[in-house]
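Below, each chain spelled out in residue letters.
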Amino acid sequence: MKICVVGAGWYGCHVALSLLQKGVKVDVFERSDRSISGASRYNQNRLHQGFHYPRDYETRKQSLEGFDWFIEHYGNLVATVSNNIYGIADKVSNVDFETYKQIMTASHLVYDDLVSSDIKSKFRNVSGMINTTEKLILNHQASRYFDDVLSGHITYKKFVDLSDDEIVLDLKDKYDFIIDCTWGCARKIPEFDYYYEPCIYFYYKKKIKVEFSMTLMDGEFFSIYPYDGDIYTLTSVRNTPISKTYDKNCVGELFQSAKQESYITRKRELFEEEVKSYYPEFLDDFEYLEPVFSLKTKLVSGTDYRGCMIAREGQLISIFSGKIDTLHIAEQEIMKVIFGE
Ligand SMILES: Cc1cc2nc3c(=O)[nH]c(=O)nc-3n(C[C@H](O)[C@H](O)[C@H](O)COP(=O)(O)OP(=O)(O)OC[C@H]3O[C@@H](n4cnc5c(N)ncnc54)[C@H](O)[C@@H]3O)c2cc1C
């Protein structure tokens, strides 16, 4: 059995490693010069438990299962985040604080009410806060780990155009299966309705001692999350998307215009305005560093479904997931297809 994996993000790397451990011959092709270099590097790196998804039961369920699985398999690639807080905005939230907590409790998610603390007193216009035990995925370490364990099996700087029928035919001749792990980028997966969302978010340096993260819910709100030491990411559901397109060929141009100084400055102002209306001391506590650009592939979903899905067209299998915590589902489904397990 010989399998080709296209894309060395979290999904491509994990699937390739699982297959190698089963004795399968695997070749991974990655267009950049290292693993974990696409969305798997440029994201908020939160190891979810489900608190982010009050509107989708299945996503919460997959996250909670995936959290324990991830710690068991990649526990050395995660860090604890002290004071990992979710707050519910007192106006325009899709759910109120009590309902939010009932949903989480019903899904067996464990949290503490944040009754009083230095952190709580920093925020206003928030109707309630909880403290959770979600973790941080250490993506630089993950990149080094996969570069090492997959060494000899990965070819870097190798772009594979899966939208070209001749290239796919050639791969089908050489391999029993081709697994597309490019998050819907190397070709359009016919079975799924999704679009591309070029994103901007920012790095800030924390100036205060206390460690915390704050995710405001539920709707178009911001999130401040640790990234690397005192460097934090600031994302915003409202302001992070640069645009939305169904045409992959438009993505480059959208990024190009977003990288202009005037656009970055305007976006930064919007992010900071938004945060300061809930966290007035934000710019006393954090210092601006730089913008970050990343591409999100997003499923069209009425409920905010962000779980893992697999599509199969003969020898060609595609993995599509909205988060890193569903590697276990990707692995299970791939093994079912390949070995009938
Ligand atoms: C702003 C933002 C914030 C996010 N926050 C979180 C979060 O906090 N927690 C979480 O769990 N998830 C988060 N996500 C989602 C998460 O990043 C993705 O679900 C996950 O990284 C997808 O992994 P992947 O391996 O499928 O894709 P990727 O990491 O994108 O990997 C695909 C790889 O394929 C390569 N590739 C693409 N096309 C080709 C080709 N034609 N030939 C060869 N190689 C190719 C790319 O270079 C890339 O390395 C966030 C995403 C964004 C954009």
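Analysis parameters
- Residues numbered from 1 in each chain as written.
- Predicted model: local features only at pLDDT ≥ 70, side-chain atom pairs only at ≥ 80, totals over all residues.
- Heavy atoms only, no water.
- Helix = DSSP H or I, 4+ residues; strand = E, 2+ residues; numbered from the N terminus.
- Rg over C-alpha atoms; globule rule 2.2 N^0.38 Å.
- Buried < 20%, exposed > 50% of the residue type's maximum accessible area, 1.4 Å probe, protein only.
- Arc of directions from axis to C-beta.
- Contact = heavy atoms within 4.5 Å.
- Pairing = 2+ DSSP bridges.
- Right-handed = clockwise from strand over helix to strand, strands pointing away.
- Near = heavy atom within 4 Å.
- Polar contact = N/O pair within 3.5 Å; in protein donor to acceptor, adjacent residues only side chain to side chain.
- Areas by Shrake-Rupley, 256 points an atom, 1.4 Å probe, with all protein chains shown as cover.
- Phe/Tyr/Trp six-rings, centres within 6.5 Å; stacked < 30°, edge-to-face > 60°.

Caption draft 1: Broad picture of the overall build of the protein chain. When its secondary structure is counted, the protein chain shows nine helices and 17 strands. A globule of 341 residues ought to have a C-alpha radius of gyration of about 20 Å, and the protein chain, at 20 Å, matches this closely. Projected onto its principal axes, the C-alpha coordinates of the protein chain cover approximately 60 × 45 × 35 Å. When the 341 residues of the protein chain are sorted by exposure, 55% land in the buried category.

Caption draft 2: Highlighting helix 4 (residues 139-149). Here helix 4 has its buried residues at Asn 139, Ala 142, Ser 143 and Phe 146. The arc enclosing the buried residues of helix 4, seen along the axis, measures out at 100 degrees, which places them on a common side. The exposed set on the far side of helix 4, more than 90 degrees from its buried face, consists of Arg 144 and Asp 148. On its buried face, helix 4 sits against helix 1 (10-21), helix 2 (57-74), strand 8 (135-137) and strand 13 (222-228).

Caption draft 3: How the structure looks around the pairing of strand 1 (residues 2-6). The buried count for strand 1 comes to four of five residues, which makes it a mostly enclosed element. In the sheet, strand 1 pairs with strand 2 (residues 25-29) via five bridges, with the strands oriented parallel. Looking at the pairing, Ile 3 lines up with Val 26 of strand 2. Chirality of the crossover, the property in question, places the unit of strand 1, helix 1 and strand 2 among those that are right-handed.

Caption draft 4: How the structure looks around the site of the ligand. Residues in close proximity to the ligand total 32 residues, the closest being Glu 30, Ser 40, Arg 46, Val 160 and Ile 324. Here Tyr 11 contributes a backbone N or O atom positioned 3.1 Å from an oxygen atom of the ligand. Protein burial of the ligand: of its 1000 Å² of free accessible surface, 95% is covered by the chains. Elements with a contribution of two residues or more to the shell around the ligand: helix 1 and strand 15 (286-299).

Caption draft 5: The environment of His 153, seen in detail. With respect to the element layout, His 153 can be found in the loop between helix 4 and strand 9 (154-155). A relative accessible area of 28% means that His 153 is categorised as partly exposed. For the pair formed by His 153 and Val 26, sequence separation is 127 residues and the distance between their alpha carbons is 6.4 Å. Excluding its chain neighbours within four sequence positions, the residues that come into contact with His 153 are Leu 20, Val 26, Asp 27 and Val 28.

Caption draft 6: Molecular detail of unusual backbone geometry. Cis geometry is adopted by the peptide bond preceding Asp 218, which originates at Met 217 and carries an omega value of -15 degrees. As for its position among the elements, Asp 218 is in the loop between strand 12 (213-217) and strand 13. Its identity as a non-glycine residue notwithstanding, Val 92 has a phi of 50 degrees, on the positive side. Phi angles above zero are rare outside glycine, and His 108 is one such case at about 65 degrees. When its relative accessible area of 64% is taken as the criterion, His 108 is described as exposed.

Caption draft 7: Summary view of the packing of aromatic side chains. Applying the stated criterion across every chain yields a total of 31 aromatic pairs. Residues Phe 51 and Tyr 111 carry aromatic rings whose centres are separated by 6.3 Å and whose planes lie at 80 degrees to one another, so their mutual orientation is edge-to-face. Taken together, the positions of Phe 51 in the loop between strand 3 (46-47) and helix 2 and Tyr 111 in the loop between helix 3 (97-106) and strand 6 (112-113) put the pair 60 residues apart, joining distant regions of the chain. With a centroid separation of 5.5 Å and 70 degrees between ring planes, the pair formed by Tyr 204 and Tyr 288 is classed as edge-to-face. Highlighted residues: Tyr 204 in strand 11 (residues 194-206) and Tyr 288 in strand 15, separated in sequence by 84 residues. In this structure Tyr 204 comes out as buried when scored by relative accessible area, which is 1%. Judged by its relative accessible area of 22%, Tyr 288 falls in the partly exposed class. An aromatic cluster of at least three residues, connected via ring pairs, comprises Phe 123, Phe 202, Tyr 204, Phe 212, Tyr 232, Phe 271, Tyr 279, Phe 282, Phe 286 and Tyr 288.

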